[in-house]
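# Structural description and commentary
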Amino acid sequence: MHFLNDLINQNAYSLDTSSKSKFFRKHLNFLTSFHYKKSNLYKSYLNGINYNLKQNNSLSEIPFLPVRLFKEFDFLSIKKKEIFKKKLIQNHSEIIHTEDIILDDESPLAGAKKSKNTSMWKAIESLKEKKSHISLSAGNTGALLIISRLLLKTIVGISKPALAALWPNQNDMNVVLDLGANIECNEKNLTDFACMGSALFKSLFESDKPKVALLNVGLEEYKGNDILKKTFSILKKNKLANFIFDGYIEGNHIMEGNVDVIVTDGFTGNIALKTAEGTANFISKNLKDSLSKLSILFSYNSLKKFKNKLDPRKYNGAIFLGLQSPVVKSHGSTDSIGFANSINVCNKIVKANLIEKIESNLITVDD
């Protein structure tokens, strides 16, 4: 805490480059020595690389620990239960201690098997026991789905929940599902997704009859695999009370805003989502690099609006649609801004009683 106090008490811009280096070198050498004495694992690490604590090491000589090591090993200098929590957080929440963690690269099944003492399991369990209104996670998507399915019931008539999210278009927003919950789907699943997606859109935007389309490699009825063709036939033949079936849509038309709900399997949907995010980041970065400082100055407001429209953090936060309690998934690689937006999605879902509205709007179409 001495380091934080000293840092906070420093006046802004009061240190030159040399003074900053001395300041950080002093405190980081102290912290390195402190953790060496208190953490056996850290001590073993420093001994293993023959690190000399007695000399006043420069910043570049102080060992760097990759963040990933803190997920796989307990580099702790105090007991877990003694970790300090800010009083401000404690005043507005209950902090529940857990010992285990599900790693991002673990298989969903392996993660779920060891999950009973993880924060992910405890969060979903609190939903089941009606101790909380909603659950939010940025962790392993597959494990989150399995745990949610194990502990929570699905809406009557729905066999598989789907990961649904809002996607920007030229007019406003689309609902797109599935974005990764189900790698393989049959025609019944895709039909359910169409019904759930339309119910979600009606709940959020008060539309009487949203337009629903199936994502495909072409617009013609004969294109696509057998599952898509069967789904097309089911939706076309049935008289649908809660949405208008608009046929197929191709990937390059997703953002035109001609339809409200876009349905696909989780494999295709996840690739489409991450391709769109990568493309948006590529365009934003290269547009900035290609403009001169003078051009940026004169076009600042327009560029700011453009960047804001393409910013994937603005749309972070997807819901497992089809569960009787709401579970929201944040993108694992997002930053604090993106995660804050996913919290905002949670707030809207709870305040709007979204699950109840979806249940009342939902009409399951049987083949």
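Residues numbered from 1 in each chain as written. Predicted model: local features only at pLDDT ≥ 70, side-chain atom pairs only at ≥ 80, totals over all residues. Heavy atoms only, no water.

Turning next to unusual backbone geometry. Cis geometry marks the peptide bond from L177 to D178; its omega dihedral reads 5 degrees. With respect to the helices and strands, D178 occurs in the loop between β3 (173-177) and α9 (187-205). A positive phi is found at K130, a non-glycine position, where the angle reads about 60 degrees. Mapped onto the elements, K130 comes out in the loop between α7 (119-128) and β1 (135-137). For K130, a relative accessible area of 68% gives the class exposed. (Helix = DSSP H or I, 4+ residues; strand = E, 2+ residues; numbered from the N terminus. Buried < 20%, exposed > 50% of the residue type's maximum accessible area, 1.4 Å probe, protein only.)

So, about the packing of aromatic side chains. For any pair of aromatic rings, geometry is given as the distance between the ring centres together with the angle between the planes. For the structure on display, the rule yields four aromatic pairs. Aromatic pair F232 and F245: ring centres 5.2 Å apart, planes at 75 degrees, arrangement edge-to-face. Of the two residues, F232 sits in helix α10 (residues 226-237) while F245 sits in strand β5 (residues 244-249), which places them 13 residues apart along the sequence. Each member of the pair, F232 as well as F245, carries the same accessibility label: buried. When the centroid spacing of 4.7 Å and the interplanar angle of 40 degrees are considered together, the rings of F232 and Y248 count as tilted. Residue F232 is found in helix α10, and its partner Y248 is found in strand β5; the two are separated by 16 residues along the sequence. (Phe/Tyr/Trp six-rings, centres within 6.5 Å; stacked < 30°, edge-to-face > 60°.)

On to a nonpolar patch on the surface, then. A cluster of nonpolar side chains, contributed by L166, L204 and F205, occupies part of the molecular surface with about 210 Å² of accessible area. Judged by its relative accessible area of 31%, F205 is partly exposed. (Patch = residues over 30% accessible without salt bridge, like charges linked within 9 Å, V, L, I, M, F, W, Y side chains within 5 Å. Areas by Shrake-Rupley, 256 points an atom, 1.4 Å probe, with all protein chains shown as cover. Salt bridge = Lys/Arg side-chain N within 4 Å of Asp/Glu carboxyl O.)

A few words now on the packing of α9 against α10. Where α9 contacts α10, the axes come no closer than 9 Å and their chain directions differ by 50 degrees. As judged from the angle between their axes, α9 and α10 are oblique. In the crossing of α9 with α10, the sense of the turn from one axis to the other is right-handed. On the side of α9, the interface is formed by E187, L190, T191 and A194, while α10 contributes I227, L228, K230, T231, I234 and L235. Looking at the contact of α9 with α10, its residues break down into six nonpolar, two polar and two charged. (Axes fitted to C-alpha atoms, helices over the stretch in contact; angles between N-to-C directions. Parallel < 35°, antiparallel > 145°, perpendicular 65-115°, else oblique. Left-handed = near helix turned anticlockwise from the far one by under 90°. Contact = heavy atoms within 4.5 Å. Nonpolar A, V, L, I, M, F, W, Y, C, P; charged D, E, K, R; others polar.)

The strand order β1-β8-β7-β2-β3-β6-β4-β5 describes an open sheet built from eight strands, whose pairing is mixed. The sheet is open, and its two edges are formed by β1 and β5, each paired on a single side. Averaged over all pairs of adjacent strands, the angle between strand axes in this sheet comes to 30 degrees, irrespective of strand direction. In the sheet, strand β2 (residues 162-168) pairs with strand β7 (residues 318-321) via three bridges, with the strands oriented antiparallel. Among the inter-strand pairings, A162 is bridged to a residue of β7, identified as L321. Taken strand by strand, helix α8 (residues 141-151) contacts β1, β2, β7 and β8 (327-329), and its axis lies near 175 degrees from that of β8. (Pairing = 2+ DSSP bridges.)

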